Amino acid sequence: MKLKQRVVLLAILLVIFIFTKVFLIDNLDTSAANREDQRAFHRMMAGLRVELVPKLDHTLQSPWEIAAQWVVPREVYPEETPELGAIMHAMATKKIIKADVGYKGTQLKALLILEGGQKVVFKPKRILGFRRAPLVVGRFVNLRTEIKPVATEQLLSTFLTVGNNTCFYGKCYYCRETEPACADGDTMEGSVTLWLPDVWPLQKHRHPWGRTYREGKLARWEYDESYCDAVKKTSPYDSGPRLLDIIDTAVFDYLIGNADRHHYESFQDDEGASMLILLDNAKSFGNPSLDERSILAPLYQCCIIRVSTWNRLNYLKSGVLKSALKSAMAHDPIAPVLSEPHLDAAEQRLLSVLATVKQCTDQFGADTVLVEDRMPLSHL
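Residues numbered from 1 in each chain as written. Predicted model: local features only at pLDDT ≥ 70, side-chain atom pairs only at ≥ 80, totals over all residues. Heavy atoms only, no water.

**So, the overall build of the protein**
Scanning the protein from terminus to terminus reveals 13 helices and twelve strands. Counting only residues that meet the buried cut, the protein has 54% of its 380 residues in that class. For the protein, the accessible surface area stands at approximately 18,000 Å², while carbon and sulfur atoms represent 50% of it. (Helix = DSSP H or I, 4+ residues; strand = E, 2+ residues; numbered from the N terminus. Buried < 20%, exposed > 50% of the residue type's maximum accessible area, 1.4 Å probe, protein only. Areas by Shrake-Rupley, 256 points an atom, 1.4 Å probe, with all protein chains shown as cover.)

Structure follows, in structure tokens:
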């Protein structure tokens, strides 16, 4: 089965953020509190499946207008989203009125304009997902009838036929005519990612734990165990939520096996206050047997993590993560999205994250390691 990372990532992020509100830390270890936690858990599980429905209830707005209004500095969509199924249905089914080469980057993608003027990014058989990621849904696209008639000359010039299959190779850093992406006949399976509104321009940052990608040359964090102390003295990591966002992202990337977070985006002119936006996760869910622990370096070098993140990770253990992911992805147009070996790998990596945090709390104490989400943050 081809890996479909972007839909998987969206599903993971939906699951993790649903847990945020349901399972806040509760120090009352009483049977009544436990029973209420259990009831809350079952309510959450019952609401995990997002069915793709064609109709928006009680609104005269288009799905694109609703999605654009959701975006704020600390989330791309709200926790309560009754219109989510309708918006994702529109992403998966609305007529394509224009197709062009992808906007930039190293991987093959196409920029599509859907009916109503909404931009989306189409990635062949690659798939995303905290509420810090744009909405993503799987979609089957007929390259001959849906793309070629509305494609720009730039994109059209990269189409070719291999055997009985329609293919294209686009324009990107690694795009080659000798390595095209091919449909099954004319139908290609992929994902569409909702373009963020133009009123929210993005700013690109170098990830402080990025790799050098040069043979024989290590990044400082790879040999300096005190590296986090230096990071804490530089903006925007010396105060505000950004360092905790980096650590949340490290946990997320470790679960999905993404060791390629060399840069990240935030909204412009935010002075470190807005979220780290999860935009590029294409190199995820590769070898399920490969456990790249260095992805967790921000966590085990800084030894801090949000209380809410620690809490929801604990509730995701004992098979809950695997079950929740299956539920969250059940209604996607390209389901099943993830193979059993990758679901099992995510389960095992979750246990490694929990063990890493425990090592930190054993060494420094829970009061130092577990950081309340809403407290004024200063990491110096």
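Here the narrative resumes, following the displayed structure.
**Overview of the packing of helix α10 (residues 307–315) against helix α12 (residues 340–364)**
Contact geometry for α10 and α12: axes closest at 10 Å, N-to-C directions at 135 degrees. Relative to α12, α10 is oriented oblique. In this structure, the crossing between α10 and α12 has a hand that is left-handed. For the pair formed by α10 and α12, the contact residues are W310, L313 and N314 on the first element and L350, V353, L354 and V357 on the second. A per-class count over the contact of α10 with α12 returns six nonpolar, one polar and no charged. (Axes fitted to C-alpha atoms, helices over the stretch in contact; angles between N-to-C directions. Parallel < 35°, antiparallel > 145°, perpendicular 65-115°, else oblique. Left-handed = near helix turned anticlockwise from the far one by under 90°. Contact = heavy atoms within 4.5 Å. Nonpolar A, V, L, I, M, F, W, Y, C, P; charged D, E, K, R; others polar.)

**What about unusual backbone geometry?**
Between S235 and the following residue, P236, the backbone shows a cis peptide bond with an omega angle of 5 degrees. Tracing the backbone through its elements, the reader meets P236 in the loop between α7 (227–231) and α8 (242–256). Along the chain, A335 connects to P336 via a cis peptide bond; the corresponding omega equals 0 degrees. Checked against the element boundaries, P336 lands in the loop between α11 (320–329) and α12.

**Examining the pairing of strand β5 (residues 159–162)**
Looking at chain direction, β5 and strand β6 (residues 165–168) are connected through four bridges and run antiparallel. The partner of V162 across the bridge, within β6, is N165. Remark: two residues form the turn of the hairpin made by β5 and β6, two consecutive strands paired antiparallel; G163 in that turn has positive phi of roughly 65 degrees. (Pairing = 2+ DSSP bridges.)

**Things to note about the nonpolar core**
Membership of the largest hydrophobic core comes to 48 residues, with the highest contact counts inside it found for W209, L243, V251, L299, I305 and L313. Listing elements by their share of this core, those giving two or more residues are α7, α8, α9 (297–302), α10, α11 and α12. It is α8 that contributes the most residues to this core, nine residues altogether. In this structure I305 touches L244, I247, V251, L299, W310, L313, V357, V369, L370 and V371, once residues within four positions along its chain are discounted. Counting residues in hydrophobic clusters, the runner-up holds 45 residues, among them A67, M91, L114 and A181. (Core = buried A, V, L, I, M, F, W, Y, C linked by side-chain atoms within 4.5 Å.)

**Observations regarding the pattern of salt bridges**
All chains considered together, the criterion is met by eleven salt bridges. The residue R74 makes a salt bridge to D245 at a minimum N-O spacing of 2.9 Å. D245 sits in the buried class, given a relative accessible area of 0%. With a shortest N-O distance of 2.9 Å, D186 and R144 are connected by a salt bridge. Remark: R144 occurs in helix α5 (residues 143–147) and D186 occurs in the loop between β7 (181–182) and β8 (187–194); sequence separation between them is 42 residues. Members of the salt-bridge network, linked through shared partners, are R74, D245, D248 and R306. (Salt bridge = Lys/Arg side-chain N within 4 Å of Asp/Glu carboxyl O.)

**Things to note about the confidence of the model for the protein**
With 79% of its residues at a pLDDT of 70 or more, the protein shows a mean pLDDT of 81. In the model of the protein, helix α2 (residues 31–46) stands out as the element of lowest mean pLDDT, 50, in contrast to α9, which has the highest, 97. A low-confidence stretch, residues 17–38 (pLDDT under 50), is modelled with 31 contacts involving residues beyond four sequence positions or located in other chains. Long-range and interchain partners of residues 374–380, a stretch whose pLDDT sits below 50, account for 18 contacts in this model, where long-range means more than four residues apart. (pLDDT = per-residue confidence, 0-100.)

**Remarks on the state of the cysteines**
What the rule picks out here adds up to four disulfides. Paired by a disulfide, C172 and C175 hold their sulfur atoms 2.0 Å apart. With the S-S bond torsion at 100 degrees, the cross-link from C172 to C175 turns out right-handed. Judged by relative accessible area, which is 17%, C172 ranks as buried. (Disulfide = S-S within 2.5 Å.)

**Things to note about the environment of T166**
Mapped onto the fold, T166 is located in strand β6. Take T166: its relative accessible area is 10%, and that puts it in the buried class. When neighbours within four sequence positions are excluded, T166 is seen to be in contact with L143, F159, L160, A181, C182, A183, G185 and D186.

**Some points on the packing of aromatic side chains**
Here the structure, examined in full by the defined rule, presents three aromatic pairs. Summarising the aromatic geometry, the rings of F159 and F168 are spaced 5.5 Å apart at their centres and angled 20 degrees between planes, so their arrangement reads as stacked. Comparing F159 with F168, the two get one shared label, buried. (Phe/Tyr/Trp six-rings, centres within 6.5 Å; stacked < 30°, edge-to-face > 60°.)

**Structural notes on α11**
Counting buried residues in α11 gives eight out of ten residues, a clear majority hidden from the surface. Within α11 the residues assigned to the buried category are V320, L321, K322, A324, L325, S327, A328 and M329.

**What to know about the side chain of R261**
For R261, the position within the fold is in the loop between α8 and β10 (263–267). Taking the relative accessible area as the measure of exposure, R261 reaches 7% and is therefore buried. A polar contact of 2.7 Å, which involves the side chain of R261, links it to the side chain of D253. (Polar contact = N/O pair within 3.5 Å; in protein donor to acceptor, adjacent residues only side chain to side chain.)

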